[in-house]
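Examining the three-dimensional arrangement
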Amino acid sequence: MRAQRWVADVGPENAAFLATRSRTAVLASEYRPRDLGDGLVGYDERSLGAARELSEEEEGAITDDGDGLRVWIGDDAFDLDEQG
């Protein structure tokens, strides 16, 4: 069975921020988003679950509504696409 993964193109600065300096970046490694290079950030089931716990005002918050699954950085939302 293949693990699910979600990827967003957030730009190099934002990917590095989410992976190293966001609130979820201080959690155990299995709960952190991953900087995949080329401005992409990846989430697996555990890291996505941890990011869903952030309040909407926090950098890296996840929303899942009529507009789809998105990660927020400031006032910018980036679509998360399922990869598996």
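Structure's up top.
What this report covers is the structure whose coordinates are included nearby. (Residues numbered from 1 in each chain as written. Predicted model: local features only at pLDDT ≥ 70, side-chain atom pairs only at ≥ 80, totals over all residues. Heavy atoms only, no water.)

**Considering the overall build of the protein chain**
The helix and strand tally for the protein chain stands at two helices and seven strands. By the compact-globule yardstick of 12 Å for 84 residues, the protein chain fits well, its C-alpha radius of gyration being 11 Å. The principal-axis extent of the C-alpha atoms belonging to the protein chain is close to 35 × 30 × 25 Å. Considering the protein chain as a whole, with its 84 residues, one finds that 37% of them fall into the buried category. By sequence separation, contacts in the protein chain at least 24 residues apart represent 49% of the contacts at least 6 residues apart. Accessible area for the protein chain stands at about 5100 Å²; split by element, carbon and sulfur atoms hold 42% of it. Measuring between centres, the 9 positive side-chain charges of the protein chain sit 8 Å from its 20 negative side-chain charges. (Helix = DSSP H or I, 4+ residues; strand = E, 2+ residues; numbered from the N terminus. Rg over C-alpha atoms; globule rule 2.2 N^0.38 Å. Buried < 20%, exposed > 50% of the residue type's maximum accessible area, 1.4 Å probe, protein only. Contact = heavy atoms within 4.5 Å. Areas by Shrake-Rupley, 256 points an atom, 1.4 Å probe, with all protein chains shown as cover. Lys, Arg positive; Asp, Glu negative; His and termini not counted. Charge placed at Lys NZ, Arg CZ, Asp CG, Glu CD.)

**Let's talk about the pairing of strand β3 (residues 40-44)**
The pairing of strand β1 (residues 5-9) with β3 spans five bridges and is antiparallel. Directly across from Arg5, in β3, lies its bridge partner Asp44. Here three bridges tie strand β2 (residues 34-37) to β3, and the two strands are oriented antiparallel to one another. Across the sheet, Gly37 pairs through a bridge with Leu40, a residue of β3. Counted along the chain from β2 to the antiparallel partner β3, the turn is two residues long, and its residue Asp38 has a positive phi close to 55°. (Pairing = 2+ DSSP bridges.)

**With respect to the nonpolar core**
With 15 residues, the main nonpolar core has Val10, Tyr43, Ile62, Val71 and Leu80 as its most contacted residues. Among the secondary structure elements, those contributing two or more residues to this core are β1, α1 (12-20), β3, α2 (45-52) and β5 (68-73). In terms of residue count, β5 provides more of this core than any other element does, three residues in total. Those residues within four positions of Leu80 in sequence are excluded, and the remaining contacts are Trp6, Val7, Ala8, Tyr43, Leu48, Ile62, Leu69, Arg70 and Val71. (Core = buried A, V, L, I, M, F, W, Y, C linked by side-chain atoms within 4.5 Å.)

**A few points about the environment of Ala50**
With respect to the helices and strands, the residue Ala50 is situated in helix α2. Between the C-alpha atoms of Ala50 and Asn14, which are 36 residues apart in sequence, the distance is 18 Å. Ignoring any residue separated from it by four or fewer positions in sequence, one finds Ala50 in contact with Thr24, Leu27 and Tyr31.

**Examining a nonpolar patch on the surface**
Side chains of Val26, Leu27 and Tyr31 sit close together on the surface and give an oily, nonpolar patch of about 270 Å² of accessible area. With respect to the secondary-structure elements, Tyr31 resides in the loop between α1 and β2. (Patch = residues over 30% accessible without salt bridge, like charges linked within 9 Å, V, L, I, M, F, W, Y side chains within 5 Å. Salt bridge = Lys/Arg side-chain N within 4 Å of Asp/Glu carboxyl O.)

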